[in-house]
Amino acid sequence: MSGTVAPADLGGKVTIRVQKRVNGKWVPCFSVKRAISATGTYSWKWTPRHRGLDRVAARIPATAAHESVDTGFQPFRGWQTFNVF
């Protein structure tokens, strides 16, 4: 998955959260942090074990450059793009 943060926040981090469906309920699986580049982009590669049973969200904490943003969870369908402006 990849995304863009505007304005670019050099040195900032994006937290990508993954949930999986277990017995009909969404449970936290894991999260990773990725750096925001000088151009405002970030990316992360991950292959789910079972298609359609996972969902992802990106979260960026508040900084002087922008407010806190959470994309909310979306089904993971291969390659996702989250743009945060």
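Quick note: structure is the one above.
From a predicted model like this one, the values you see are computed outputs, not experimental measurements.

J.: I tried to follow the overall build of the protein chain on my own but got confused; where do I start?
T.: Of the regular secondary structure elements, the protein chain holds 0 helices and 8 strands. Start at the N end of the protein chain and walk to the C end: the helices and strands fall as β-β-β-β-β-β-β-β. Here the C-alpha radius of gyration of the protein chain, 13 Å, is about what a compact globule of 85 residues would show, namely 12 Å. With respect to the principal axes defined by its C-alpha atoms, the protein chain has extents near 40 × 20 × 15 Å. Residues classed as buried in the protein chain amount to 33% of the 85 residues present. When contacts within the protein chain are restricted to residue pairs at least 6 apart in sequence, those whose partners lie at least 24 apart make up 55%. Carbon together with sulfur atoms contributes 52% to the accessible area of the protein chain, which is approximately 5,300 Å² in total. Across the protein chain, the 13 positively charged side chains and the 4 negatively charged ones have centroids separated by 13 Å.

J.: Can you walk me through the packing of aromatic side chains in this structure?
T.: Each aromatic ring pair is summarised here by two numbers: the centre-to-centre distance and the angle between the ring planes. On inspection of all chains with the given rule, the structure shows 4 aromatic pairs. Relative to Trp 46, the ring of Phe 30 has its centre 5.7 Å away and its plane inclined at 75°; by these criteria the two rings are edge-to-face. Linking Phe 30 in strand 3 (residues 25–35) with Trp 46 in the loop between strand 4 (41–43) and strand 5 (54–60), this pair joins segments that are 16 residues apart in sequence. Judged by relative accessible area, Phe 30 falls into the partly exposed class, the value being 31%. By the ring-pair criterion, three or more aromatic residues cluster together here, those being Phe 30, Trp 44, Trp 46 and Phe 76.

J.: Is there a simple way to explain the nonpolar core in this structure?
T.: When a protein is soluble and globular, its nonpolar side chains tend to lie buried together. In terms of nonpolar packing, the biggest core is built from 14 residues, with Val 5, Val 14, Ile 16, Tyr 42, Trp 44, Trp 46 and Val 56 touching the most fellow members. At the level of elements, strand 2 (13–22) and strand 5 are the ones that each hand at least two residues to this core.

J.: For this particular structure, what's the right way to read the environment of Ser 31?
T.: When you line up the elements, Ser 31 lands in strand 3. Along the sequence, Ser 31 and Lys 45 sit 14 residues apart, while their C-alpha atoms lie 13 Å from each other. The contact partners of Ser 31, leaving out residues within four places of it in the chain, are Thr 15, Ile 16 and Arg 17.

Cut-off values and rules
- Residues numbered from 1 in each chain as written.
- Predicted model: local features only at pLDDT ≥ 70, side-chain atom pairs only at ≥ 80, totals over all residues.
- Heavy atoms only, no water.
- Helix = DSSP H or I, 4+ residues; strand = E, 2+ residues; numbered from the N terminus.
- Rg over C-alpha atoms; globule rule 2.2 N^0.38 Å.
- Buried < 20%, exposed > 50% of the residue type's maximum accessible area, 1.4 Å probe, protein only.
- Contact = heavy atoms within 4.5 Å.
- Areas by Shrake-Rupley, 256 points an atom, 1.4 Å probe, with all protein chains shown as cover.
- Lys, Arg positive; Asp, Glu negative; His and termini not counted.
- Charge placed at Lys NZ, Arg CZ, Asp CG, Glu CD.
- Phe/Tyr/Trp six-rings, centres within 6.5 Å; stacked < 30°, edge-to-face > 60°.
- Core = buried A, V, L, I, M, F, W, Y, C linked by side-chain atoms within 4.5 Å.

Such coordinate-based values are descriptive only and should not be taken to indicate function.
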